[in-house]
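Below, each chain spelled out in residue letters.
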Amino acid sequence: MTYAIISYIVCVALWIGWAFVTASRERKLRGE
Amino acid sequence: MNATIPGWWNGLGKALWLAALALVATSFWLAAGAPIEVQMGPVQKIVYVHVPSAIATLVAFGVTFAASIAYLATKDWRWDGVAASSCEVGMVFATVVMITGPLWARSAWNTWWTWEPRLTTFLILWILYAGYHVVRASLRSESRRTISSVMGIVFFINLPIVWKSIEWWRGSLHPKNVTMVPEMRVTLLIGMAAWMLFYGAALLQRMRIEWRAEALAQSDEGALAGSEGRVRG
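Below: a short report on this structure. (Residues numbered from 1 in each chain as written. Chains lettered and ligands numbered in written order. Predicted model: local features only at pLDDT ≥ 70, side-chain atom pairs only at ≥ 80, totals over all residues. Heavy atoms only, no water.)

Each partner contributes residues to the interface: chain B has 31 residues there, and chain A has 17 residues. Approximately 2,300 Å² of surface area, both sides summed, lies buried where chain B meets chain A, with 77% of it carried by carbon and sulfur atoms. Our count for the contact surface shared by chain B and chain A stands at 3 salt bridges. With a closest N to O distance of 3.1 Å, E26(A) and R212(B) form a salt bridge. Applying the counting rule to chain B against chain A returns 5 residue pairs in polar contact (both at pLDDT 80 or more). Of all the secondary-structure elements, those providing two or more residues to the side of chain B that touches chain A are α1 (7-33), α2 (47-74), α3 (77-108) and α7 (182-232) of chain B. (Contact = heavy atoms within 4.5 Å. Buried area = accessible area lost by both parts, 1.4 Å probe. Salt bridge = Lys/Arg side-chain N within 4 Å of Asp/Glu carboxyl O. Polar contact = N/O pair within 3.5 Å; in protein donor to acceptor, adjacent residues only side chain to side chain. Helix = DSSP H or I, 4+ residues; strand = E, 2+ residues; numbered from the N terminus.)

Here you go:
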């Protein structure tokens, strides 16, 4: 069960991380 | 070519994000309530995120392949943008697969990693497309888009190898056929639909960076041409 929970947490964390990086790159390109 | 993000792009992006996040949440909820597999126990629930992510990886790199061909045929920067964006989103999906796989393998096969055909070919796939980003990021010349497109086409060769690896080589631990009870199958199908929608939303979101970068490059070129004109005048 622990491995299953870790899998879901890692999956969500990776996508949240990607979303932050993507939003930050776009803000930088907009000159903010 | 004008590099302004069209209005419909923003609307479609928001709608896709809403639908994708709602469906992903639903798939997590269904996964929590899905029947527990008799042999593997609760760890089998990793399948509902591992398999859809693997399928989304192959679709994303397939889109990179198609968009790379389209770029070489048309030289329209937007196709290169789609290829690079899809490749980046695909890399995140591939990383999810590379992390959830060993977690599942530890329980199912009693090992974190084994050099069986599917794992080995998928690792090669991950390394190849990571290389795509490294090479692309290191290029600043005019040939950047062309070289990226060639990589997007050449690396695609590995996709059918990953797909067919369990049939082509012996010793695969991945099953060729899986039998599931209807509740499990429905949960898996909803998970696949959810992560495909998520892929679409993430692709549109990532493509915004390409629009912005191109707009910036065009404005820089315009400013440079203007200043050269003033110097000549």
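On to the packing of α3(B) against helix α4 (residues 117-138) of chain B. All names here are of chain B. Two elements in contact, α3 and α4, have axes whose closest approach is 10 Å; the angle formed by their N-to-C orientations is 140 degrees. Taken together, the axes of α3 and α4 lie oblique to each other. Crossing hand, α3 versus α4: left-handed. When α3 is examined against α4, the residues D80, A83, A84, C87, E88, M91, A94, T95, V97 and M98 are found in contact with a partner set consisting of F122, L123, W126, Y129, A130, Y132, H133 and R136. Partitioning the contact of α3 with α4 into residue classes produces 13 nonpolar, 2 polar and 3 charged. (Axes fitted to C-alpha atoms, helices over the stretch in contact; angles between N-to-C directions. Parallel < 35°, antiparallel > 145°, perpendicular 65-115°, else oblique. Left-handed = near helix turned anticlockwise from the far one by under 90°. Nonpolar A, V, L, I, M, F, W, Y, C, P; charged D, E, K, R; others polar.)

Once that is clear, we can look at the side chain of S27(B). One can find S27(B) in helix α1. For S27(B), the residues in contact, after removing those within four places along its chain, are T187(B), I190(B), G191(B) and A194(B).

So, on to the layout of surface pockets. Residues and elements named next belong to chain B. In this structure, the largest pocket encloses a volume near 1,200 Å³. Considering the residues around the largest pocket, the lining is formed by 37 residues, among which V51, R118, H174, P175 and V178 are closest to the centre. Put simply, the parts of the chain that give the lining of the largest pocket at least two residues each are α2, α3, α4, α6 (158-168) and α7. Residue composition of the lining of the largest pocket, by class: 26 nonpolar, 6 polar and 5 charged. When its volume is computed, the second largest pocket comes out at roughly 920 Å³. (1 Å grid on protein atoms, 1.4 Å probe; cavity = no way out; pocket = protein on both sides within 12 Å on 5 of 7 lines; lining within 4 Å. Points joined across faces, edges and corners; volume = space filled by probe spheres on them.)

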